[in-house]
Structure formats: C-alpha cells, structure tokens
Amino acid sequence: MRWVSTTHTQEDHVAETGKQDAIALLKADHRTVEDLFEQFEKASGEGRKQKIAEQICLELEVHAMIEEEIFYPACEGKVEEDLIKEAYVEHDGAKVLIAQILEGKGQNDEFFDAKVKVLQEQIEHHVEEEEKRMEGMFSQARQAGLDMDGLGEQLAARKAELIETFKTTGIPKPTLTTMDVAI
Ligand SMILES: [Fe+2]
Ligand SMILES: [Fe+2]
C-alpha cells in the first residue's frame, strides 16, 4: 500500500504516526487508478489486459464504497449539496461500466477496450470534481473543518476490510446508489 500520494501537495497531510488523513488516502487511490489506466493502455495480450482491467474495477469499487459509506456522508451539510449528489450519480455511471467489464468476456467483447477507455474518461472527470482547487469537494470539506485524521482512519480500516473480503469472494457486482436499474 502506498502511504504518500505521488502528487504530494500542501493539502496532503501525512500525520507523524504514518497514517494518512482522508484526503491524502483518497487522492492516493486516485493516483493508483490513473497508473492502472496507463498500464492498460500500454498493455498487450488478452490475459494481461483482462488482469489490469479487473484490478481497476477492484480499486474503483472499493474506493467508491468507502467514499459513499464514510466520506460523502461526512460531507453532507458541509459541501455544496449538488456536488455531492452529482458525485453519487457519477459513481453509478462508472459502476455500470465496471459491471460490464467484470462480466469477464474480455477481448471477446468487441467493446471491451472502449468500455475501459470511457471508464477512464469518466473517472478523470469525477476525480477533477473531487480534487479541484478551491471549489472541489475535497477543498470544500477541508475548509469546512472536517476531521480528516479521524475519517482517514475509518476509510483505511474499511478499505482493508473490503479488500480482504473481496480476496475470498472475488470482486462483487457493484451496487447502484442513485438508479433503479439492473446491471
Ligand atoms: Fe474519489
Ligand atoms: Fe468519488
């Protein structure tokens, strides 16, 4: 696990205990997924691409779950309501593609590469909305004085728990939060 974001900024606080605060943890997740999308672009061979795509889906599912269970609820009333609502819908848009990619047809799906590419573009947009300076969700949350160290601990604990579970169960189909459609 990476403890320090590759794009370390003044806003990223790594406490002296070595634990990440909430924003540093979530940003580090974003960088991990960006790296994986780059690896996917460069990869060749069906097996390799499938493996990277699955890793992307795992990372994104866990990340969306810890944000939706812990971080977004903590932002309620502190961050612009529209921004939070849009974030949930953006997660669901990504989950639809994740479910498709996880169906496991891999290169037999003629749209496989396109689905991963569009997922990447959607995530880039979503990450921008979260990380944007001043008006982004993380900035607003920081300005509102959220307990980032406490939240960071909760996020890290839940993330570890989910990864452990998914190791045994496999990556489950994502659950949609804002839409009532079967995927
Ligand atoms: Fe995020
Ligand atoms: Fe998010």
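For the structure itself, look to the data block above.
Below you will find a few notes about this structure. (Residues numbered from 1 in each chain as written. Chains lettered and ligands numbered in written order. Predicted model: local features only at pLDDT ≥ 70, side-chain atom pairs only at ≥ 80, totals over all residues. Heavy atoms only, no water.)

**Here's the deal with the overall build of the protein chain**
Step number 1: Each helix and strand counted, the protein chain has six helices and zero strands in total.
Step number 2: The linear arrangement of helices and strands in the protein chain, starting from the amino end, is α-α-α-α-α-α.
Step number 3: For the protein chain, buried positions account for 44% of its 183 residues.
Step number 4: Taking the intrachain contacts of the protein chain between residues at least 6 apart in sequence as the baseline, contacts between residues at least 24 apart amount to 71%.
Step number 5: Element-wise, carbon and sulfur atoms account for 51% of the exposed surface of the protein chain, whose accessible area totals about 9700 Å². (Helix = DSSP H or I, 4+ residues; strand = E, 2+ residues; numbered from the N terminus. Buried < 20%, exposed > 50% of the residue type's maximum accessible area, 1.4 Å probe, protein only. Contact = heavy atoms within 4.5 Å. Areas by Shrake-Rupley, 256 points an atom, 1.4 Å probe, with all protein chains shown as cover.)

**Regarding the coordination of the iron ion (ligand 1)**
Step number 1: In this structure, His 30 (NE2), His 63 (NE2), Glu 67 (OE) and Glu 130 (OE) serve as the protein donors to the iron ion (ligand 1), at separations of 2.1 to 2.2 Å.
Step number 2: Classification of the site at the iron ion (ligand 1) rests on its four donor atoms, whose angles at the metal span 83 to 171°, yielding the label irregular.
Step number 3: Along the chain, the residues that donate to the iron ion (ligand 1) are spaced as H-x32-H-x3-E-x62-E.
Step number 4: Separating the iron ion (ligand 1) and the iron ion (ligand 2) is a distance of 3.2 Å, and Glu 67 donates to both of them. With His 63 in helix H2 (residues 46-75) and Glu 130 in helix H4 (residues 112-131), this residue pair connects regions lying 67 residues apart in the sequence.
Step number 5: Classification of Glu 130 by relative accessible area gives buried; the value is 1%. (Donors = N, O, S within 2.8 Å, 3.2 Å for Na, K, Ca; no water. Tetrahedral: all angles 85-135°; square planar, octahedral: opposite > 155°, others 65-115°.)

**A few points about the nonpolar core**
Step number 1: Core analysis: the largest hydrophobic core is formed by 25 residues, its most contacted members being Phe 71, Cys 75, Met 137, Met 148 and Leu 155.
Step number 2: For this core, the elements supplying multiple residues, two or more each, are helix H1 (22-42), H2, helix H3 (81-102), helix H5 (137-143) and helix H6 (148-169).
Step number 3: Once residues within four sequence positions are removed from consideration, Met 137 is found in contact with Phe 71, Tyr 72, Cys 75, Val 79, Leu 83, Ile 84, Ala 87, Glu 129 and Glu 130.
Step number 4: Counting 19 residues, the second-largest nonpolar core is a separate cluster that includes Ile 56, Cys 57, Phe 112 and Val 127. (Core = buried A, V, L, I, M, F, W, Y, C linked by side-chain atoms within 4.5 Å.)

**Things to note about the coordination of the iron ion (ligand 2)**
Step number 1: Around the iron ion (ligand 2), the protein contributes the donor atoms Glu 67 (OE), Tyr 72 (OH), His 91 (NE2), His 126 (NE2) and Glu 130 (OE), which lie 2.0 to 2.3 Å from the metal centre.
Step number 2: As a motif over one chain, the donors of the iron ion (ligand 2) read E-x4-Y-x18-H-x34-H-x3-E.

**Digging into a negative patch on the surface**
Step number 1: A cluster of acidic residues, Glu 80, Asp 82, Glu 86, Glu 128 and Glu 135, forms a negative patch on the protein surface.
Step number 2: By the secondary structure assignment, Glu 86 is in helix H3.
Step number 3: A relative accessible area of 41% places Glu 86 in the partly exposed class. (Patch = residues over 30% accessible without salt bridge, like charges linked within 9 Å, V, L, I, M, F, W, Y side chains within 5 Å. Salt bridge = Lys/Arg side-chain N within 4 Å of Asp/Glu carboxyl O. Lys, Arg positive; Asp, Glu negative; His and termini not counted. Charge placed at Lys NZ, Arg CZ, Asp CG, Glu CD.)

**Focus: the packing of aromatic side chains**
Step number 1: The full count for this structure, using the stated rule, is three aromatic pairs.
Step number 2: The lysine or arginine in question, Lys 49, covers the ring of Phe 40, its NZ or CZ lying 4.9 Å from the ring centre. (Phe/Tyr/Trp six-rings, centres within 6.5 Å; stacked < 30°, edge-to-face > 60°. Lys NZ or Arg CZ within 6 Å of the ring centre and 35° of its normal.)

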